[in-house]
Amino acid sequence: MTKPLDLDLDQMRKLAAMQCTYEEIAAWFGCSRQSLYNREEYREIIERERLKAHASMRRSMFESALKGDRQMMIWLSKQYLGMKEKTENTGDGNMQLVMKKEIQLLPPQLRFMQAKEREVLYSGAFGAGKTRALCLKLASRVIGQPGAREGLARKHLVSLKSTTLRTLLEADGNLPPVLPMGTYDHNKSERTIRVHGGGVIYYFGLGDAEDYQKIGSLNLSGCAVDEAVELSDPDWTMLRGRIRLQLKGLPMQLYGACNPGAPSHHLAKRFGLAGGHQPASNCMAIQTRSPDNFFLPKQYVEDLMSLEGVAFERYVEGKWRGGEGLVYDRFDRSVHVRERDEQW
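In this text, all values refer to a predicted model and were calculated from it rather than measured experimentally.

A. Region of interest: the overall build of the protein chain. Scanning the protein chain from N- to C-terminus turns up 15 helices and 10 strands. Buried positions account for 38% of the 344 residues belonging to the protein chain. Once local pairs closer than 6 in sequence are excluded, the contacts in the protein chain between residues at least 24 apart make up 61%.

B. Seen up close, the pattern of salt bridges. Within this structure, the stated rule accounts for 13 salt bridges. Ionic pairing is found between Arg-50 and Glu-47, a salt bridge with its closest N-O pair at 3.7 Å. Linking Arg-50 with Glu-47, this pair stays in helix H4 (residues 40–66), spanning 3 residues, or about one helical turn. The closest approach of N and O atoms between Arg-270 and Glu-119, which form a salt bridge, is 2.7 Å. Of the two residues, Arg-270 sits in helix H12 (residues 266–270) while Glu-119 sits in strand S3 (residues 119–124), which places them 151 residues apart along the sequence. For Glu-119, a relative accessible area of 3% puts it in the buried group.

C. Highlighting the packing of helix H6 (residues 107–114) against helix H7 (residues 130–142). At a minimum axis distance of 10 Å, the contact between H6 and H7 shows a crossing angle of 35°. When you trace H6 past H7, the crossing you get is right-handed. On H7, the residues that touch Gln-109, Phe-112 and Met-113 of H6 are Ala-133, Leu-134, Leu-136, Lys-137 and Ser-140. Looking at the contact of H6 with H7 residue by residue, the classes come out as 5 nonpolar, 2 polar and 1 charged.

D. Representation of the sheet that holds strand S10 (residues 283–288) in the model. Taken in spatial order, the 8 strands make up an open sheet running S5-S6-S7-S4-S8-S9-S3-S10, and their pairing is mixed. Each having just a single partner strand, strand S5 (184–187) and S10 make up the two edges of the open sheet. Adjacent strand axes in the sheet meet at a mean angle of 15° when their direction is disregarded. In the sheet, S3 pairs with strand S9 (residues 253–258) via 5 bridges, with the strands oriented parallel. Opposite Tyr-122, over in S9, you have Ala-257 as the bridge partner. Running at roughly 165° to S10, H6 makes contact with S3, S9 and S10 of the sheet. Sheet strands in contact with H7 are S3, strand S4 (149–154), strand S6 (192–195), strand S7 (200–205), strand S8 (222–226) and S9, and its direction is about 160° off that of S9.

E. Structural detail: the packing of aromatic side chains. Counted under the stated rule, the structure contains 6 aromatic pairs. Taking the centre distance of 4.5 Å and the plane angle of 10° together, the rings of Phe-126 and Tyr-315 count as stacked. Taken together, the residues span a long stretch of sequence, with Phe-126 in the loop between S3 and H7 and Tyr-315 in helix H14 (residues 309–315) at a distance of 189 residues. Residue classification places Phe-126 among the partly exposed residues on the basis of a relative accessible area of 28%. Take Tyr-315: its relative accessible area is 23%, and that puts it in the partly exposed class. On the basis of an interplanar angle of 80° and a centroid distance of 6.1 Å, the ring pair of Trp-236 and Phe-271 is categorised as edge-to-face. Placement of the pair is Trp-236 in helix H11 (residues 233–242) and Phe-271 in the loop between H12 and S10, with a sequence separation of 35 residues.

F. View of the side chain of Gln-253. When you line up the elements, Gln-253 lands in strand S9. Engagement of the side chain of Gln-253 in a polar contact is seen with the side chain of Lys-137, the distance being 3.2 Å. Filtering out sequence-adjacent residues up to four positions away, Gln-253 remains in contact with Ala-115, Lys-116, Glu-117, Arg-118, Val-120, Lys-137, Arg-141, Ser-221, Gly-222, Cys-223 and Ile-243.

G. View of H11. Every buried residue of H11 is accounted for by Asp-235, Trp-236, Met-238, Leu-239 and Arg-242. Seen end-on, H11 carries its buried residues on one side only, within an arc spanning 160°. Where H11 is buried, its residues touch S3, S7, helix H10 (209–215), S8, S9 and H12.

H. View of the environment of Ala-224. Of note, Ala-224 is situated in strand S8. Separated by 33 residues in sequence, Ala-224 and Ala-257 have C-alpha atoms that sit 8.2 Å apart. Here Ala-224 is in contact with Leu-134, Leu-138, Gly-151, Leu-152, Ala-153 and Tyr-255, once residues within four sequence places are set aside.

What counts and what doesn't
- Residues numbered from 1 in each chain as written.
- Predicted model: local features only at pLDDT ≥ 70, side-chain atom pairs only at ≥ 80, totals over all residues.
- Heavy atoms only, no water.
- Helix = DSSP H or I, 4+ residues; strand = E, 2+ residues; numbered from the N terminus.
- Buried < 20%, exposed > 50% of the residue type's maximum accessible area, 1.4 Å probe, protein only.
- Contact = heavy atoms within 4.5 Å.
- Salt bridge = Lys/Arg side-chain N within 4 Å of Asp/Glu carboxyl O.
- Axes fitted to C-alpha atoms, helices over the stretch in contact; angles between N-to-C directions.
- Left-handed = near helix turned anticlockwise from the far one by under 90°.
- Nonpolar A, V, L, I, M, F, W, Y, C, P; charged D, E, K, R; others polar.
- Pairing = 2+ DSSP bridges.
- Phe/Tyr/Trp six-rings, centres within 6.5 Å; stacked < 30°, edge-to-face > 60°.
- Polar contact = N/O pair within 3.5 Å; in protein donor to acceptor, adjacent residues only side chain to side chain.
- Arc of directions from axis to C-beta.

Encoded structure:
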């Protein structure tokens, strides 16, 4: 009869934490691999200690990276952020190694990201990727910019937290969060997001009187506004007055995203989206339609195409059209009005 194994469990834990294989642990104790593996108690100890060592090692690696270990930062960026190394010419005859993450953008999103005007509005139909584009632009302005102080606003804070902030910090279906976990510190009571090695994001709602007063003391390098159509003219003007922190290579900018509203809206007039109005100085609007987003599911687009009247023009075509108070919201002057053939 084979004598039962009676091995030193503390020594087994140490060997497993060192990532020793079953063969190596068996050789240490002078037994067979199979007898070691078949004993459930031993197998559980070995697998558990291996996983604990993985977590401990990963924690040490992240701590080293956050303390400034450049090689560790590069390696972790490749493993967890999907980034790649690329050598670029600095312009003075030298080459430098940079880390970049490849992000697929729609053409209107790219124009929005690259816009340098003082005020930029991304006006789009349903499913045009407006909020994600806004968050990507916000992130690009704080990552690697230690002095940046960017605002993130919406009319009501509760709406901001349930929509925009989720896109920024949480995964959305197959899409990862715009700011990966572990790259920032989020203080929910102060409503600040401090990006490691970068700037600070202050988020707030404009509909709260106390918040409104606090915003008046902010000195920002830029501000992102989601569903900008919710803001009144005084709201927009107040934010314009907060953006005065000048940083090298970072244009001071008020940038917003929204669904189209009525042509009488103050943003439609300011950005030249209403008939008879030209864009104000240093203002640019980027308009996009639902079909422009080739990532949208076919069934979703087909459903949108079934909308009619003002709803179709606004939410599919991305046009600023008035619908409030209309009895006939499908009225089109070019179709439904013609000259009489006879006198009255």
